[in-house]
Amino acid sequence: MGMEPLPPSLLFRRTDPSRFTFSSTKELPELREPPGQRRAIDALRFGAAIRQEGYNVFALGPPGLGKQHTVRTLLEQRAASEPPGEDWCYVHNFDETHRPRWLRLPAGRARELRSEVESFIDAVQTRLPAAFQSDEYRRRMKDLEKQHEAAREAALDKARGEVEKRGLALVRSPTGFALVPVKDGKLVEPEVFETFSDEEKRTYRQALEDARGDMEAFAEKLPGLEHEHQRRVRELNRALASSTVSRLAADLRDRFDGLPEVLAHLKALEKDVVENADEFLEGDGTAPGKKREASTRYQVNVLVSREAGRGAPVVVQERCGLGHLVGRIEHRQIFGALTTDFTLIKPGALHEANGGYLLLDALRVLQHPYAWEELKRSLRARAVTIESISDLLGLSSTSILEPAPIPLEVKVVMLGDRWVYYLLSALDPDFPELFKVAADFADDLPRTPETDAEYARLVAEMARKNQLKPLDAEAVARVVEYASRFAGDSEKVTAHTRAVADVLREADYWATRDGKNLVGKAEVEHALEAQERRVDRLRERVYEEIHRGTLRIATKGTAVGQVNGLAVARAGELDFGFPVRITARTRLGKGEVVDIEREAELSGPIHSKGVLIISGLLGARYTRDQPFSLSASVVFEQSYGPVEGDSASAAELFALLSSLSDVPLKQSLAVTGSVDQHGRIQPIGGVNEKVEGFFAVCQQAGLTGEQGVIIPAANVKHLMLKREVVQAVESGRFRVWAIDTIDDGLALLTGVDAGVPGPDGNFPPESVNGKVAARLAALAEQARAFSRGKRAEKG
């Protein structure tokens with residue numbers, strides 16, 4: 001490209017609206033998949049289709065690419081043709097009450113089971129008391145009472161007969177039974193008994209003593225009779241309860257025929273109801289505790305319920321704590337104590353997505369304690385175990401439940417930035433085993449006529465999705481240009497759909513405010529300007545301080561050892577460029593270039609590397625056959641923060657060469673670019689912002705037509721400059737040059753031929769390089785003379 005400035009056509013690549021065949025995006029067909037993401041889409045489809053263990057997916061790429069929307073749309077399309085998954089619920093374990101059991105049912109049947117069991121229990125609470133109040137039950141109970149009374153009387157008659165044989169009578173008393181002597185067929189009163197002879201008294205007393213054994217035998221027989229009676233009553237009650245409950249349960253079992261897990265639970269439930277029938281007979285409300293216990297024990301806790309015909313579940317989980325992933329056990333407070341039961345088990349995202357797909361934000365999972373470990377454990381075990389953090393830490397827990405782990409069949413898709421993916425790959429050996437599929441979303445895509453057409457459909461899709469007004473062809477062309485500027489490359493457009501969607505929303509607002517039915521180019525321009533205006537206070541402040549002279553930047557004249565470098569700062573969502581004054585001083589020394597920023601601990605490693613490259617270049621280029629006897633210092637003037645990057649290494653080199661050659665540099669020019677040890681100029685980032693930053697400063701000071709920016713030739717393809725910069729170049733008030741070597745830059749900055757080595761390897765004396773070489777040779781001679789003087793002093 002020589003020494004000629006770049007033509008305006010290379011400063012901004014325009015999109016011709018006439019290439020579009022539509023008048024409004026309303027005419028464009030639906031977009032099946034985002035443009036430029038074929039690699040990621042193919043990976044997603046593969047990951048969703050393969051059913052081997054460990055083939056979960058990690059969708060990687062920076063935020064704003066629309067990863068979640070793309071992944072969710074693709075999975076929902078696939079899930080629509082897949083089975084809806086199964087219902088899951090927890091029920092009481094009648095064998096081990098602290099270990100609730102799970103039941104698996106076809107889609108939609110869990111709620112039915114809960115409703116039917118509730119109806120069954122309600123019916124039991126009604127029918128069972130009624131059965132025990134029936135005439136038939138009362139008749140049979142009376143028969144049992146009569147049989148029991150007859151057995152008691154028979155035993156009593158037997159005891160009475162034995163007593164009478166001994167001349168005694170068995171008489172009922174308020175405290176039970178009493179033995180009374182009998183004489184001449186009459187009971188002997190106590191006072192009469194005292195008139196008997198001693199012999200008669202001894203005879204009766206002996207008879208009383210013997211009769212007590214008969215009475216003890218009678219008393220010992222009574223509990224057995226009572227126990228037998230109670231056994232018969234229990235058998236009657238059990239038979240009646242079993243008959244009543246069995247009739248009610250038969251229909252319930254028929255409704256869930258073919259589901260052995262459910263039928264087994266219903267059988268256990270029926271057995272428990274029969275065994276605890278007394279709980280249903282206390283209908284007067286005097287025992288609410290028993291009522292509540294019974295009703296809780298027989299409930300069905302529906303964990304997950306599907307809808308038949310809806311397809312497999314696709315769950316997007318925003319909250320990624322441990323409980324949100326694997327579920328939790330809640331507690332209720334009763335009289336100051338925390339209690340729980342299986343009805344307080346709550347599902348997690350893994351339960352909800354079981355049989356389908358689960359989308360998680362990787363960083364959110366990693367930020368919550370134990371969430372990542374439990375997710376991995378669930379995927380490895382293919383089962384979900386509900387545990388609290390206190391259980392995992394081995395601390396005392398209020399949970400007394402150990403719910404049975406639920407079998408897990410789920411495809412997990414994690415979304416995250418690339419650094420998260422690479423960090424997990426490097427540090428977690430489990431990660432590659434569990435997430436074997438990487439769906440890498442592209443940051444940008446090539447800018448071609450075909451891509452422009454696809455991008456127009458993408459714009460139309462975003463407008464429809466956000467319920468925005470359609471855009472005309474000129475507005476779409478401007479959006480494509482913005483997408484290229486956002487990508488920082490005239491040959492590419494960004495895949496950052498969030499940023500583009502924000503522009504569309506704001507353009508729609510301005511069109512609505514102005515009463516327009518279509519969004520045009522003017523509304524898009526307004527949106528872009530308004531976005532920038534809201535966040536450019538810091539940029540304006542920096543430019544203001546330069547204009548006021550607080551930050552000293554010269555835009556005209558010349559100076560030795562001083563050049564305008566270019567830097568980029570970030571303020572929120574705004575990147576902006578601004579010039580920095582770089583100065584260099586040189587003198588006799590030991591062959592070192594001192595980076596003052598590094599000495600002040602303000603320099604990053606990349607910037608320090610750039611300065612070391614400059615030192616190597618100077619020594620190899622100008623002092624091959626002589627000592628490098630230079631001491632130089634280079635600094636970013638009025639820089640009070642960290643300096644990083646090597647994009648100013650070319651400017652630092654030019655300042656050093658100017659100081660060595662004593663040839664002044666034009667202050668109307670600014671330079672950006674890194675340099676290698678062979679003097680080649682290498683590309684840098686933020687070229688658009690840097691050019692615009694120097695342009696803004698020159699515009700404030702007044703454009704003279706002499707000002708401009710020197711950039712690496714490799715950065716020309718990245719130029720997408722603002723309209724005012726391009727217009728200034730078109731009118732000759734500002735210029736942009738592209739260079740490949742430091743000699744190109746020296747000629748532009750000094751107006752003097754840089755000089756190339758002749759046949760003898762020496763630079764022309766009047767060239768900049770020749771003067772640099774001469775200065776370094778003189779410094780080397782001074783160093784030798786100084787060294788000879790030192791030796792002479794010692795001699």
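For clarity, every value in this text was computed on a predicted model and none was experimentally measured. (Residues numbered from 1 in each chain as written. Predicted model: local features only at pLDDT ≥ 70, side-chain atom pairs only at ≥ 80, totals over all residues. Heavy atoms only, no water.)

**Student:** Before we go on, may I ask you to explain the packing of helix α17 (residues 473-487) against helix α18 (residues 497-513) in this structure?
**Tutor:** Between two packed helices, the angle of one axis relative to the other and the distance separating the axes together describe the packing. At a closest axis distance of 11 Å, the pairing of α17 and α18 adopts a crossing angle of 140°. Between α17 and α18, the crossing angle belongs to the class labelled oblique. As α17 runs across α18, the sense of the crossing is right-handed. For the pair α17 and α18, contact is made by Val479, Tyr482 and Phe486 and by Ala499, Val500, Val503 and Leu504, respectively. The residue inventory of the contact of α17 with α18, partitioned by class, reads seven nonpolar, no polar and no charged. (Axes fitted to C-alpha atoms, helices over the stretch in contact; angles between N-to-C directions. Helix = DSSP H or I, 4+ residues; strand = E, 2+ residues; numbered from the N terminus. Parallel < 35°, antiparallel > 145°, perpendicular 65-115°, else oblique. Left-handed = near helix turned anticlockwise from the far one by under 90°. Contact = heavy atoms within 4.5 Å. Nonpolar A, V, L, I, M, F, W, Y, C, P; charged D, E, K, R; others polar.)

**Student:** Would you explain helix α25 (residues 723-730) in this entry?
**Tutor:** In an α-helix, one turn spans 3.6 residues; hence positions three or four apart end up facing the same way. Where α25 is concerned, the buried positions are Val725, Val726, Ala728 and Val729. Down the axis of α25, the buried set is contained in an arc of 160°. They therefore lie on one face. Set apart from the buried face of α25 by more than 90 degrees, the exposed residues are Arg723 and Glu730. In the segment just after α25, Gly732 is the residue with positive phi, at about 80°. (Buried < 20%, exposed > 50% of the residue type's maximum accessible area, 1.4 Å probe, protein only. Arc of directions from axis to C-beta.)

**Student:** I would appreciate a short explanation of the nonpolar core in the present structure.
**Tutor:** Side chains of a nonpolar character, in soluble globular proteins, are inclined to be buried together. If you look at the biggest cluster of nonpolar residues, it comprises 58 residues, and the most contacted ones within it are Val71, Leu75 and Leu471. Filtering out sequence-adjacent residues up to four positions away, Leu75 remains in contact with Ala48, Val314, Tyr357, Leu359 and Val413. The next biggest cluster of nonpolar side chains, apart from the first, holds 56 residues, and it includes Ile553, Phe578, Val634 and Val663. (Core = buried A, V, L, I, M, F, W, Y, C linked by side-chain atoms within 4.5 Å.)

**Student:** I would appreciate a short explanation of a nonpolar patch on the surface in the present structure.
**Tutor:** Taken together, Leu363, Leu366, Trp419, Leu423 and Leu427 make up a surface patch of nonpolar side chains, about 480 Å² in accessible area. Of all the elements in the fold, those that place two or more residues in the nonpolar patch are α11 (362-367) and α14 (418-427). (Patch = residues over 30% accessible without salt bridge, like charges linked within 9 Å, V, L, I, M, F, W, Y side chains within 5 Å. Areas by Shrake-Rupley, 256 points an atom, 1.4 Å probe, with all protein chains shown as cover. Salt bridge = Lys/Arg side-chain N within 4 Å of Asp/Glu carboxyl O.)

**Student:** Which parts of the structure should I look at to understand the pairing of strand β16 (residues 411-416)?
**Tutor:** Successive residues of a regular strand alternate their side chains across the two faces of the sheet. In terms of burial, β16 is largely enclosed, as six of its six residues are buried. Burial of the side chains of β16 extends over both faces: Lys411, Val413 and Leu415 are buried on one face and Val412, Met414 and Gly416 on the other. As paired strands, strand β1 (residues 57-60) and β16 are joined by four bridges and run parallel to one another. Bridge pairing links Phe58 to Met414 in β16. Where strand β13 (residues 357-361) meets β16, five bridges bridge the pair, whose relative direction is parallel. When the sheet's bridge partners are listed, Leu360 is paired in β16 with Met414. (Pairing = 2+ DSSP bridges.)

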